[in-house]
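Structure assessment
Listed below, chain by chain, are the residues.
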Amino acid sequence: MTPSFRPTTPLALAVAIALAGCAVGPRYQAPPTVETPAAFKEGAGEWVRAAPADALERGPWWRLFQDSRLDELAAQVEVSNQNVAAAVAGYRQARALVAQQRASLFPAVSLDAGASRSGSEGTGVTTATTTGGTTRVGSGDRTSYQFGIGASWEPDVWGRLARTVDGAEAGAQASLADLAAATLAAQGELAANYFNLRELDAQRELLARTIAGYERVLQITRNRYEAGIAARTDVLQAQTQLANARAELLGLERQRAQSEHAIAVLVGRAPAHFSLPAEPDRPFAVPDIPPAVPSTLLQRRPDIAAAERRVAQANEQIGIAQAAYYPSLRLTGSVGAGAASIGDLFSASSLVWALGASLAQTIFDAGATAARVEGARAGLDAAAARYRQTVLSAFQDVEDQLAGVRVLARQVDLREEAARAAELVEQQVLNRYQAGQVSFTEVVNAQATAQGARRALVQLQADRQAAAVALVQALGGGWSGL
């Protein structure tokens, strides 16, 4: 038979149809609409429509606090934190899934080869005479060799496979955003625990000085009691005040140990092998926050980016479900050969080939396909709702932190004034007590007020640092311009 191209005509036609196929399902164009204010209520920055920019470099935002020890610890988070490591592995899994889905767009090729020998005994026996005697040879012994190459391909006529790949790609991008969110959360948690530890260092130093003052007051009270000037109740009050302060100091030590253990875990260390020396005199540096924080920085929030990409992923599921309404096309082809000897295996007369095409269409499924499409649409609505909620929560986070930063900054001068006044009152009341002009109860009250004012000032300074860290996280990693 003279070879011709007629057998390949259906294959060529099917390929042409596949290449010109029409993808079904809605096309994803933009994130869902969200009510957005013209400007932050607590700031002067203006909001613009979201265009995810979470892949932009955020930089080492923790350097804004000018703390070399914090710089060292924060650099270890990306390397040693196990939550970040788990997020990295999750992103690698997502990328592997993309590669797996993309492979379905291409033909699958297989190769097989084999050899066999068969025969029979007792029938068709011939004899051959040789010098040494007669040999029995079974005429049924046969040896055969064969090989074959096969290929199969499912053309993406209705765009199902392409949408599967796009959905996996959106999922991988969401996983990358989750990685950025995990890293930012771990860094923020580290900074918060570190500043809490430094606040406890300052509180312990302040309370230690207070205890030293209480010890001096107790000695003064004892001297006055032994001299018959003061009542024994004054001594008992001084002892009670001193014992309470010492117990409170032990409580601060417990809290500091817990903060130190939390920092160790965040940097991937066992608490038993990690320690931070006390630095009570380290200043509470608070970065200068610009009065006009551009709301475009919210575009860097990885949780917003992840939510938006999961909307895109849910959109692709609709097209995948709708593709089940249409027939699927499958093309197959193979070429092979079989011969009694390896030499004859590659001769033209031994070659055989086959080409084929098949269509499959579901005729009746009792509405299962329609239910899957409706489920996919509901999934898109749910993803869109989660995206809107994420954006609204992001607005709330920024407004809360901007308000906190603004109010805390105004409180500093008032707290400093209160601490100075309380210290003067404490000293004056103690002098009047030594002169016999007031009771010891007034001394106790004045000392408690002074101690509370001093500790409130330290707490406020630490709160300002914590609010700055929270604002950094709310803005997706600082306030440097995009």
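Scroll up to find the structure this text is about.
The structure reproduced in this document is the subject of the present report. (Residues numbered from 1 in each chain as written. Predicted model: local features only at pLDDT ≥ 70, side-chain atom pairs only at ≥ 80, totals over all residues. Heavy atoms only, no water.)

Before going further, it helps to examine the overall build of the protein chain. Helices and strands together make up the secondary structure of the protein chain, namely 9 helices and 6 strands. Residue pairs in contact within the protein chain that sit at least 24 positions apart in sequence constitute 83% of those at least 6 positions apart. When the accessible surface of the protein chain is summed, it comes to about 26500 Å², and 55% of that surface belongs to carbon and sulfur atoms. (Helix = DSSP H or I, 4+ residues; strand = E, 2+ residues; numbered from the N terminus. Contact = heavy atoms within 4.5 Å. Areas by Shrake-Rupley, 256 points an atom, 1.4 Å probe, with all protein chains shown as cover.)

What follows concerns the packing of helix α4 (residues 160–226) against helix α8 (residues 368–434). For any two helices packed against each other, the geometry comes down to the angle between their axes and how far apart the axes lie. Relative orientation of the contacting elements α4 and α8 amounts to 15°, with a least axis distance of 11 Å. On the basis of their axis angle, the class for α4 and α8 is roughly parallel. When the axes of α4 and α8 are compared, the crossing they make is left-handed. The segment α4 lies against α8, with Val-217, Ile-220, Thr-221 and Arg-224 engaging Leu-430, Tyr-433 and Gln-434. Class assignment of the residues belonging to the contact of α4 with α8 gives a composition of 4 nonpolar, 2 polar and 1 charged. (Axes fitted to C-alpha atoms, helices over the stretch in contact; angles between N-to-C directions. Parallel < 35°, antiparallel > 145°, perpendicular 65-115°, else oblique. Left-handed = near helix turned anticlockwise from the far one by under 90°. Nonpolar A, V, L, I, M, F, W, Y, C, P; charged D, E, K, R; others polar.)

The strands making up a sheet associate through backbone hydrogen bonding, with each pair oriented either parallel or antiparallel. With respect to topology, 4 strands assemble into an open sheet ordered β1-β4-β5-β6, the strand pairing being antiparallel. Bordering the open sheet on either side are β1 (108–118) and β6 (351–360), each of which pairs with just one other strand. Sheet twist, expressed as the mean angle between neighbouring strand axes with direction ignored, is 15°. Note that β1 and strand β4 (residues 142–153) share 11 bridges and pair antiparallel. When the sheet's bridge partners are listed, Ser-116 is paired in β4 with Ser-144. (Pairing = 2+ DSSP bridges.)

What follows is about the pairing of β4. Taken together, the 9 bridges between β4 and strand β5 (residues 328–339) define a ladder with antiparallel strand orientation. The partner of Ile-149 across the bridge, within β5, is Val-335.

This part is about the pattern of salt bridges. Counted under the stated rule, the structure contains 21 salt bridges. Note that Asp-201 is salt-bridged to Arg-204, the shortest N-O span being 3.5 Å. Here Asp-201 pairs with Arg-204, and both are found in helix α4, just 3 residues apart, close to one helical turn. Counted as one network, the salt bridges with shared partners bring together Asp-67, Arg-69, Arg-198, Asp-201, Arg-204, Arg-256, Glu-260, Glu-279 and Arg-282. (Salt bridge = Lys/Arg side-chain N within 4 Å of Asp/Glu carboxyl O.)

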